[in-house]
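Summary of structural features
The lines below spell out each chain.
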Amino acid sequence: SIRISTRPDFIDDNILQLLLRYGVKTIELGVQSFSDEVLKASGRGYRRDDVFKASRFIKSFGFKLGIQLMIGLPGDSQALDMESTRQAITLAPDMVRIYPTLVIADTPLELLFQRNQYRPLNLSEAIATCKEMFLEFQQNDIAVIRMGLYPGKELLSPGNIVAGPFHPAFGELVEQEVFKEQAGMAIQRYKVKIKADSELIILVHEKDISKMTGNRKSNLDYLKSRFHLQDIKVRSYSAYTRNTVGLAVGNESEPLYTLTRKEFTKLRK
């Protein structure tokens, strides 16, 4: 099958008929924002109504629908990003990608940046916003298949990125923040049975160990400091599915408390 990306205003009946004949199965729309003000300030050339029309048209033909959102555009805010998230959810896409806006050399955005008419998000701001969007989509069972631009050779060519929250493992950083909060909630809910001098074991799926540990064990250092714990270790637990956090103490081999991602997203509301 074939997957394509295009603009919402490039979708019509003739194009969809053509794509159907040639084996396209998935169409991702570079929506960027559901705010007409942000779309206008960013020179996108379409309105949010065009996004709704194109998305429903795509689904009516039986294609899988992907939505690509971009945070930190001119005129944007975290509140508008969360509203774009909620609007995207109403379309029930099969997948979502979230990209932070970067200032690329020799673009109109670079001119705005040089004139101090545009301020890009910093890395912490971008991670915080993406984290909230990511969890909102997860709560609604919508897969976020990428966060952050792919660090390809063209993007990373010297001088190409002028400013903005670029990190080659941006999505990993976002998910580390999610695991940190999820583990914190699990400890908070179970802490009456955890003594300060106990060795706390956090149990996760084997593929989630790096996300739980954090960069240079930053998540573990944070949790030890917050809950006044002497030691925390992370171990894999074969019975767990992805995005699950469990707690054990000392030599306990079975979890004493388990918090799934679904439970976590409900509780944090």
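So, a few notes on the structure that sits alongside this text. Only a predicted model underlies this, so the values are computations on that prediction, with no experimental measurement involved.

1. Observations regarding the overall build of the chain
Counting its regular elements, the chain contains 10 helices and 11 strands. Reported as C-alpha extents along the three principal axes, the dimensions of the chain are approximately 65 × 45 × 35 Å. In the chain, which comprises 269 residues, the share counted as buried stands at 49%. Sequence-distant contacts, at least 24 apart, represent 73% of the contacts inside the chain between residues at least 6 apart. Element-wise, carbon and sulfur atoms account for 49% of the exposed surface of the chain, whose accessible area totals about 14,000 Å².

2. A look at unusual backbone geometry
Its identity as a non-glycine residue notwithstanding, Asp106 has a phi of 60 degrees, on the positive side. Tracing the chain through its elements places Asp106 in the loop between β5 (103-104) and α5 (108-114). A positive phi angle is found at Arg216, which is not glycine, with a value near 55 degrees. Following the sequence through the fold, Arg216 ends up in the loop between α8 (209-213) and α9 (218-227).

3. Brief notes about the packing of aromatic side chains
Overall, the coordinates contain 5 aromatic pairs when judged by the stated rule. Look at Tyr190 and Tyr257: their rings are 5.9 Å apart centre to centre, the planes differ by 25 degrees, and that puts the pair in the stacked class. Taken together, the residues span a long stretch of sequence, with Tyr190 in helix α7 (residues 170-190) and Tyr257 in strand β11 (residues 257-259) at a distance of 67 residues. Three or more aromatic residues joined by ring pairs form one cluster here, namely Phe57, Phe61 and Phe63. Seen from the ring of Phe10, Arg7 lies directly overhead, with NZ or CZ sitting 5.6 Å from the centre.

4. As for the pattern of salt bridges
Pairing is possible between side chains that carry opposite charge, provided their charged atoms lie close to one another. A complete count under the given rule lists 17 salt bridges for this structure. Residue Arg7 is joined to Asp9 by a salt bridge in which the shortest nitrogen-to-oxygen separation is 3.0 Å. A residue is classified by how much of its surface remains accessible, and Asp9, at 32% relative accessible area, is partly exposed. Measuring nitrogen to oxygen at the nearest pair gives 2.8 Å for the salt bridge that ties Asp208 to Arg242. Within this pair, whereas Asp208 is found in the loop between β8 (199-204) and α8, its partner Arg242 is found in the loop between β9 (231-236) and β10 (245-249), the two being separated by 34 residues in sequence. What makes Asp208 buried here is its relative accessible area of 0%. Taking the relative accessible area as the measure of exposure, Arg242 reaches 38% and is therefore partly exposed. Connected via shared salt-bridge partners are Lys131, Glu132, Glu181 and Arg268.

5. Quick notes on the side chain of Gln32
Mapped onto the elements, Gln32 comes out in strand β2 (residues 24-32). Not counting residues within four places of it along the chain, the set of residues in contact with Gln32 comprises Arg44, Tyr46, Gln68, Leu69, Met70 and Leu73.

6. Some thoughts on the sheet that holds strand β4 (residues 95-100)
The 5 strands lie next to each other as β1-β2-β3-β4-β6, forming an open sheet whose pairing is parallel. Both edges of this open sheet fall to β1 (2-6) and β6 (143-147), since each of them pairs with a single strand only. With direction set aside, neighbouring strand axes in the sheet form an average angle of 25 degrees. Note: β1 against β2, 5 bridges, orientation parallel. Within the sheet, the bridge partner assigned to Arg3 lies in β2 and is Thr26. Running over the sheet, helix α3 (residues 48-60) touches β2 and β3 (64-71) and is turned about 170 degrees from β2.

7. A word on the environment of Ile71
By secondary structure assignment, the location of Ile71 is in strand β3. For Ile71, a relative accessible area of 0% translates into the label buried. Leaving out residues up to four positions away in the same chain, Ile71 has contacts with Asp76, Asp81, Ile98, Tyr99, Pro100, Thr101, Leu121, Ala126, Thr129, Cys130 and Met133.

8. Topic: the nonpolar core
In this structure, Ile27, Ile98, Phe137, Leu200, Ile202, Met212 and Leu247 are the most contacted members of the largest nonpolar core, which totals 64 residues. In terms of residue count, the dominant contributor to this core is α7 (10 residues). Apart from residues no more than four positions distant in its own chain, Ile98 is found in contact with Leu69, Ile71, Cys130, Met133, Phe134, Phe137, Val144, Arg146, Met147 and Gly148. Counting residues in each nonpolar core, the second largest holds 5 residues, with Ile201, Leu203, Tyr237 and Ala248 among its members.

9. A word on α3
Taking 1.5 Å as the rise per residue, α3 with 13 residues should run 18 Å; its terminal C-alpha atoms sit 19 Å apart, in good agreement. Among all positions in α3, only Val51, Phe52, Ala54, Ser55 and Ile58 are buried. On its buried face, α3 sits against α1 (13-21), β2, β3 and α4 (78-90).

What counts, and where the lines are drawn
- All residue numbers here refer to positions counted from 1 along the written sequence of the relevant chain.
- Two thresholds apply to this predicted model, a pLDDT of at least 70 for residue-level local features and 80 or more for giving and counting side-chain atom pairs, whereas whole-chain, interface and lining totals are computed over all residues.
- Excluded from the side-chain calculation are hydrogens and water; included are all heavy atoms of the structure.
- We count a stretch as a helix when DSSP gives it H or I for four or more residues in a row; a strand needs E for two or more, and each element gets its number in order from the N terminus.
- In this scheme, a residue with accessible area under 20% of its type's maximum is buried, one over 50% is exposed, and one in between is partly exposed, where area comes from a 1.4 Å probe on protein chains only.
- Residue contacts follow a heavy-atom distance rule, with two residues in contact if any of their heavy atoms lie within 4.5 Å.
- Accessible areas in this description were obtained via Shrake-Rupley with a 1.4 Å probe; residue shielding takes into account the shown protein chains only.
- Centres within 6.5 Å make a pair out of two Phe, Tyr or Trp rings, where for Trp the six-membered ring is used; the pair is then stacked when the planes are under 30 degrees apart, edge-to-face when over 60, and tilted otherwise.
- Remark: a charge is flagged as sitting over a ring if the NZ atom of Lys or the CZ atom of Arg is within 6 Å of the ring centre and within 35 degrees of the ring normal.
- The salt bridge criterion pairs a side-chain nitrogen of Lys or Arg with a carboxyl oxygen of Asp or Glu, the two atoms within 4 Å.
- A pair of strands is considered paired only if DSSP assigns at least 2 bridges between the two.
- To get an axis, fit a line to the C-alpha atoms, keeping to the stretch in contact for a helix; angles then go from 0 to 180 degrees between the N-to-C directions.
- We call a set of buried residues a nonpolar core when its members are Ala, Val, Leu, Ile, Met, Phe, Trp, Tyr or Cys and they connect through side-chain atoms within 4.5 Å of each other.
- The span expected for a helix works out to 1.5 Å for each residue beyond the first.

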